[in-house]
Amino acid sequence: MAKAYDHLFKLLLIGDSGVGKTCLIIRFAEDNFNSTYISTIGIDFKIRTVDIEGKRIKLQVWDTAGQERFKTITTAYYRGAMGIILVYDITDEKSFENIQNWMKSIKENASAGVERLLLGNKCDMEAKRQVQREQAEKLAREHRIRFFETSAKSSVNVDEAFSSLARDILLKTGGRRSGTNSKPSSTGLKTSDKKKNKCLLG
Amino acid sequence: MERAKMAEESLETAAEHERILREIESTDTACIGPTLRSVYDGEEHGRFMEKLETRIRNHDREIEKMCNFHYQGFVDSITELLKVRGEAQKLKNQVTDTNRKLQHEGKELVIAMEELKQCRLQQRNISATVDKLMLCLPVLEMYSKLRDQMKTKRHYPALKTLEHLEHTYLPQVSHYRFCKVMVDNIPKLREEIKDVSMSDLKDFLESIRKHSDKIGETAMKQAQQQRNLDNIVLQQPRIGSKRKSKKDVYTIFDAEVESTSPKSEQDSGILDVEDEEDDEEVPGAQDLVDFSPVYRCLHIYSVLGARETFENYYRKQRRKQARLVLQPPSNMHETLDGYRKYFNQIVGFFVVEDHILHTTQGLVNRAYIDELWEMALSKTIAALRTHSSYCSDPNLVLDLKNLIVLFADTLQVYGFPVNQLFDMLLEIRDQYSETLLKKWAGVFRNILDSDNYSPIPVTSEETYKKVVGQFPFQDIELEKQPFPKKFPFSEFVPKVYNQIKEFIYACLKFSEDLHLSSTEVDDMIRKSTNLLLTRTLSNSLQNVIKRKNIGLTELVQIIINTTHLEKSCKYLEEFITNITNVLPETVHTTKLYGTTTFKDARHAAEEEIYTNLNQKIDQFLQLADYDWMTGDLDNKASDYLVDLIAFLRSTFAVFTHLPGKVAQTACMSACKHLATSLMQLLLEAEVRQLTLGALQQFNLDVRECEQFARSGPVPGFQEDTLQLAFIDLRQLLDLFIQWDWSTYLADYGQPNCKYLRVNPVTALTLLEKMKDTSRKNNMFAQFRKNERDKQKLIDTVAKQLRGLISSHHS
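Residues numbered from 1 in each chain as written. Chains lettered and ligands numbered in written order. Predicted model: local features only at pLDDT ≥ 70, side-chain atom pairs only at ≥ 80, totals over all residues. Heavy atoms only, no water.

Looking at UniProt, one finds chain B named Exocyst complex component 6B and attributed to Mus musculus. Of the comments in the UniProt record for chain B, the one headed Function reads "Component of the exocyst complex involved in the docking of exocytic vesicles with fusion sites on the plasma membrane." You can read under Sequence similarities in the UniProt record for chain B the words "Belongs to the SEC15 family." (UniProt positions renumbered as here; feature names shortened; annotations may be inferred.)

UniProt lists chain A under the name Ras-related protein Rab-13, with Mus musculus as the source organism. Quoted verbatim from the Cofactor field of UniProt, the annotation for chain A is "Mg(2+)".

The structure is reproduced here in structure tokens:
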């Protein structure tokens, strides 16, 4: 079967309930926005294919419920993720303070070396800002990860954030994967590739 | 001519002289004075003397005759006469002296007499003049009065004066020149009176046109007050009633109408009486308009014999005004004030006309006014139909209905038939229902769009009671639970329920004052509510369910919500019954179809869940990355499938509150879809070659699915029911992996066949893919006996399968 993509990257969004994770995914995958808040139950995902550095990357973005009672279900998905996006709400200081807890959760459940990204959502609501940009930039530097302020509502920095993460993942893994399976190769090489992929996927 | 007069005078004088002479001859001396005086009164003294001389000579001749006859006697007589002569001479002297004295004394008297004569002449002239003037003076007085009346605009009295002058006074003195001037002026004055009266009438018509809406407004207000009074009376008996009280009666007029200060009344006895009558009918109208000009004008034209002209003019002008009044403003439909002004003008017009009808004799009659009303009614109804169709605000339609009812009631009081207006109100009611449905469509859309599709959390008894107060939900188990706890339904359930009740109130409000029976109202409300439920709410729910981005969360909650709304329909039935007081057992009562709406919505949501899940499965399948040429066997299922199964597990795990049947159906639908998709993946034309190893890897994936099915992700399935979804795949894969063709071919068609569900066409298709693989490797195969043997076997089986297919198709 000829694939329609070169790579499949699995991304996971985590963060407090109500910060806008689902809205970010819908904006990215379907370029839509719904202002009514409907809390996510369990797990969900959207898929979108993007071009990064000439490669067709299929991004499978998993949306998680931020509520505590779904923690068991959602943490089961950490291990399969190649990139994890931590989301807070710039109008909700508590959601930013909880980023530390989400970081801890990643360390406990995710694969070592997973790419991370920090997003401060709802940047269109400047009048209600509670988290200064400088605070978030400082936190990002401490964890050596990228940081974006986004607005799912105004479509600010959403594509940029996802593309940035995809590019980082590609840089980390791209050199080791072949373009398509249809390319002839020795059995040994194929086995080696598969094993390495397995290691990456954890 | 003068000679005749002189002759007459001479004769008279002669007769007079004869009388004097006889008097001298016959009268004593003592009386001769007056006799002689009468001679000197005239101017005929000369003639008298002549006559006297003549008489003396006659007497002398007589004496001579007697003397001749009686000489001695004569001589004696002469002697006596000579004596007499002496005496006579004395007497003559005495008389002459007396005469001279008299003449002297009489001069003053004559002068005085001349003066007296002059005075008498003047007096006679004056008397004659006075007599003439006595005839002329009334005419002049009348004319002066006429002028005054004209000047002070009192035209009807002026007209009476003029008539009197013309027919009574002027004929008596018609020969004078000034009277001719008057006679010539009378037609002009008459025309002037007519013209001025007509001018007054025109001013009057303008006045009533200008004040029509004020008059109408006052009349409508009075009708409103009367109705309020009636309502108070009607409400008395119901104080003890358990029936739910209706909403407050709509009040149209808030502010007091400013009264224009009344015009000064003309001094007229007739008007006083009429004014009193008018006060009893319409107090406001008289304050706003002075009706006296029309009365005066009518009288004037009647007296002038032009009453018919006046009537025709009046009616013509009023018809024109009616058409103007009935012309609605182009933007009347935008506000209630537009309609109110329109109605006020119409009512004002007809109140005035009714007043004229009852206060004049024949200026307008019932036939004329009914004709006008017929025209007015048809034009009004046409205008209302046109403009009300532009209304998109149900509140405005409701206010309009109240206004129309008031309009109809007001005119009915004046005796105008208004049934057509009430018929039209029923049409407006239908339009009102449509407007309401549109409004409620928006309401429902807002409610559903803003809902968070999560169970309502309550943290206190107060909040719990509040929700239960809004929506008739009873659950003993939930009631016992400690706080915080959750209602199973989301916010839109109590909101939708309350909005349905508000809709019912809105429908009821329109039916007030339309003189409909309770049964009619009940029937209408149920029909409208059915439309709301089966069309408006149904469409709103369907729109949400079919929304592109609808998630499983929303769909699941909608299923739960519609279940509760469906149960609440019986309470809506009770609500309508209480409101209209019509028992449910009443014959031909319309039933609510709400339960159908909610069943349909729930079904659609369920279908959407199945579709949604299947779409998710498709997205996972698009990630499938099989190496169909692999010779190596992995020890676990494909990554994409592991993720897929995990997704399904977590989805069904979190939707524990999904109704059992729905969860089971969704799970079965997902498994069937997954199995079908995997089969298609295996058989699709793009996969031209595959190895046994690839099949074995694929088999691991199918086993992962079967394990999911066995694990009971959703309670309620019998032990192996869910696994049946994958049985086709299972048998196909077993056949190929175990290479059990002898059994398959031998048992084909038997009821208890081990590979009953494997279609020979399917088997052949898959076998061909393995054959191609072998053929490609033919060069290498030549060097290995087992490979050659396998190829021969594949060819043999393929041949047998073709035979099987052809024999069963014939």
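S.K.: Looking at this model, I keep getting lost on the overall build of chain A. Mind explaining?
M.R.: Counting its secondary structure elements, chain A contains seven helices and six strands. N-terminal to C-terminal, the α/β element order of chain A is β-α-β-β-α-β-α-α-β-α-β-α-α. When the 202 residues of chain A are sorted by exposure, 50% land in the buried category. Across chain A, every contact between residues at least 6 apart in sequence was considered, and the portion connecting residues at least 24 apart equals 73%. For chain A, the exposed area adds up to about 9900 Å²; of that, 48% sits on carbon and sulfur atoms. (Helix = DSSP H or I, 4+ residues; strand = E, 2+ residues; numbered from the N terminus. Buried < 20%, exposed > 50% of the residue type's maximum accessible area, 1.4 Å probe, protein only. Contact = heavy atoms within 4.5 Å. Areas by Shrake-Rupley, 256 points an atom, 1.4 Å probe, with all protein chains shown as cover.)

S.K.: Sorry if this is basic, but what is going on with helix α24 (residues 727-737) of chain B here?
M.R.: Think of an α-helix as 3.6 residues a turn; residues three or four steps apart then line up on the same face. Among all positions in α24(B), only Leu729(B), Arg730(B), Gln731(B), Leu732(B), Leu733(B), Leu735(B) and Phe736(B) are buried. Directly beyond the C-terminal end of α24(B), a positive phi value near 45 degrees is found at Trp739(B).

S.K.: Where do I start with the pairing of strand β6 (residues 146-149) of chain A in this structure?
M.R.: Consecutive residues of a regular strand have side chains that alternate between opposite faces of the sheet. Residues and elements named next belong to chain A. Taken together, the four bridges between strand β5 (residues 115-121) and β6 define a ladder with parallel strand orientation. Residue pairing across strands places Gly120 opposite Glu149, the latter belonging to β6. Traced from β5 through helix α5 (residues 133-143) to β6, the parallel crossover comes out right-handed. (Pairing = 2+ DSSP bridges. Right-handed = clockwise from strand over helix to strand, strands pointing away.)

S.K.: Can you help me understand the confidence of the model for chain B in this one?
M.R.: Any residue range with low pLDDT should be treated as having predicted coordinates unsuitable for detailed reading. With 83% of its residues at a pLDDT of 70 or more, chain B shows a mean pLDDT of 74. Scored below 50 in pLDDT, residues 236-283 of chain B shows 58 contacts in the model against residues more than four places distant or in partner chains. (pLDDT = per-residue confidence, 0-100.)

S.K.: What's the story with the nonpolar core in this structure? I'm lost.
M.R.: Of all hydrophobic cores here, the largest spans 242 residues; its most connected members are Ile609(B) and Leu678(B). For this core, the element with the most residues is helix α6 (residues 177-235) of chain B, which contributes 14 residues. Discounting residues that sit within four places of it in the chain, Ile609(B) has contacts with Leu552(B), Leu555(B), Val556(B), Ile559(B), Leu658(B), Val662(B) and Ala666(B). In this structure, Ile57(A), Ile85(A), Ala161(A) and Leu165(A) belong to the second largest nonpolar core, which totals 26 residues. (Core = buried A, V, L, I, M, F, W, Y, C linked by side-chain atoms within 4.5 Å.)

S.K.: What should I look at first to understand a nonpolar patch on the surface in this one?
M.R.: A cluster of nonpolar side chains, Ile32(B), Leu36(B) and Tyr40(B), forms an exposed patch at the surface whose accessible area comes to about 230 Å². Along the polypeptide, Leu36(B) turns up in helix α2 (residues 32-41). (Patch = residues over 30% accessible without salt bridge, like charges linked within 9 Å, V, L, I, M, F, W, Y side chains within 5 Å. Salt bridge = Lys/Arg side-chain N within 4 Å of Asp/Glu carboxyl O.)

S.K.: Teacher, can you tell me more about the packing of helix α9 (residues 292-303) of chain B against helix α10 (residues 307-325) of chain B here?
M.R.: Between two packed helices, what matters for the description is the angle formed by their axes and the separation of those axes. All names here are of chain B. Where α9 contacts α10, the two axes come as close as 7 Å, and the packing angle between them is 145 degrees. Where α9 approaches α10, its residues Val294, Cys297, Leu298, Tyr301 and Ser302 are matched on the opposing element by Arg307, Phe310 and Tyr314. Per-class residue counts for the contact of α9 with α10 are six nonpolar, one polar and one charged. (Axes fitted to C-alpha atoms, helices over the stretch in contact; angles between N-to-C directions. Nonpolar A, V, L, I, M, F, W, Y, C, P; charged D, E, K, R; others polar.)

S.K.: Sorry, what's going on with the interface of chain A and chain B here?
M.R.: Interfaces are often sized by the amount of accessible area the parts lose when they come together. Contacts between chain A and chain B engage 33 residues on the former and 32 residues on the latter. In this assembly, chain A and chain B are joined by two salt bridges. Between Asp643(B) and Lys10(A) there is a salt bridge whose closest N-O contact spans 2.2 Å. Where chain A meets chain B, there are six residue pairs in polar contact (both at pLDDT 80 or more). At the level of secondary structure, the elements contributing two or more residues to the side of chain A that touches chain B comprise β1 (7-15), α1 (21-30), β2 (43-52), β3 (55-64) and α7 (187-201) of chain A. A per-class count over the side of chain A that touches chain B returns 15 nonpolar, nine polar and nine charged. (Polar contact = N/O pair within 3.5 Å; in protein donor to acceptor, adjacent residues only side chain to side chain.)

S.K.: Would you mind showing me how to read the packing of helix α19 (residues 552-580) of chain B against helix α20 (residues 594-621) of chain B here?
M.R.: Residues and elements named next belong to chain B. At a minimum axis separation of 9 Å, α19 and α20 run at an interaxial angle of 165 degrees. Regarding the angle of α19 to α20, the classification is roughly antiparallel. Regarding α19 and α20, the two cross each other, and that crossing is left-handed. Across the interface between the two elements, Leu552, Leu555, Val556, Ile558, Ile559, Thr562, Thr563, Leu565, Glu566 and Cys569 of α19 pack against Gly594, Thr595, Phe598, Lys599, Ala601, Arg602, Ala605, Glu606, Glu608, Ile609, Asn612 and Leu613 of α20. Here the residues of the contact of α19 with α20 sort into 12 nonpolar, five polar and five charged. (Parallel < 35°, antiparallel > 145°, perpendicular 65-115°, else oblique. Left-handed = near helix turned anticlockwise from the far one by under 90°.)

S.K.: In this structure, what is going on with the sheet that holds β1(A)? I would like to understand it.
M.R.: Either a parallel or an antiparallel arrangement is found when strands of a sheet pair, and the pairing is made through backbone hydrogen bonds. All names here are of chain A. Ordered by their spatial adjacency, six strands build an open sheet running β2-β3-β1-β4-β5-β6, and the pairing between neighbours is mixed. The two strands at the open ends of the sheet, each matched to only one other strand, are β2 and β6. Put simply, the sheet's adjacent strands are angled 25 degrees from each other on average, direction ignored. Sheet topology note: the β1/strand β4 (residues 83-89) ladder contains five bridges and is parallel. Within the sheet, the bridge partner assigned to Gly15 lies in β4 and is Val87. Packing of helix α4 (residues 99-109) onto the sheet brings it into contact with β1, β4 and β5, and relative to β4 it is tilted by some 165 degrees. Across the face of the sheet, helix α6 (residues 158-173) comes into contact with β1, β2, β3, β4, β5 and β6 while running at roughly 125 degrees to β1.

S.K.: I keep staring at the pattern of salt bridges and nothing clicks. Help me out?
M.R.: If charged atoms from side chains of opposite charge come close, those side chains can pair. This model, assessed by the stated rule, comprises 17 salt bridges over all chains. Of the charged contacts, one joins Arg133(A) and Glu137(A) as a salt bridge, the two residues approaching to 3.1 Å between their closest N and O atoms. In this pair, Arg133(A) and Glu137(A) are both assigned in helix α5, four residues apart and thus about one turn of the helix distant. We classify Arg133(A) as partly exposed; its relative accessible area is 36%. Classification of Glu137(A) as partly exposed rests on a relative accessible area of 29%. Note that Arg318(B) is salt-bridged to Glu353(B), the shortest N-O span being 2.8 Å. Taken as a pair, Arg318(B) in helix α10 and Glu353(B) in helix α11 (residues 336-359) lie far apart in primary sequence, 35 residues in all. Summarising the burial analysis for this pair, Arg318(B) and Glu353(B) share the class buried. Connected through shared salt-bridge partners, Glu126(A), Arg129(A), Arg133(A), Glu137(A) and Glu149(A) make up one network.

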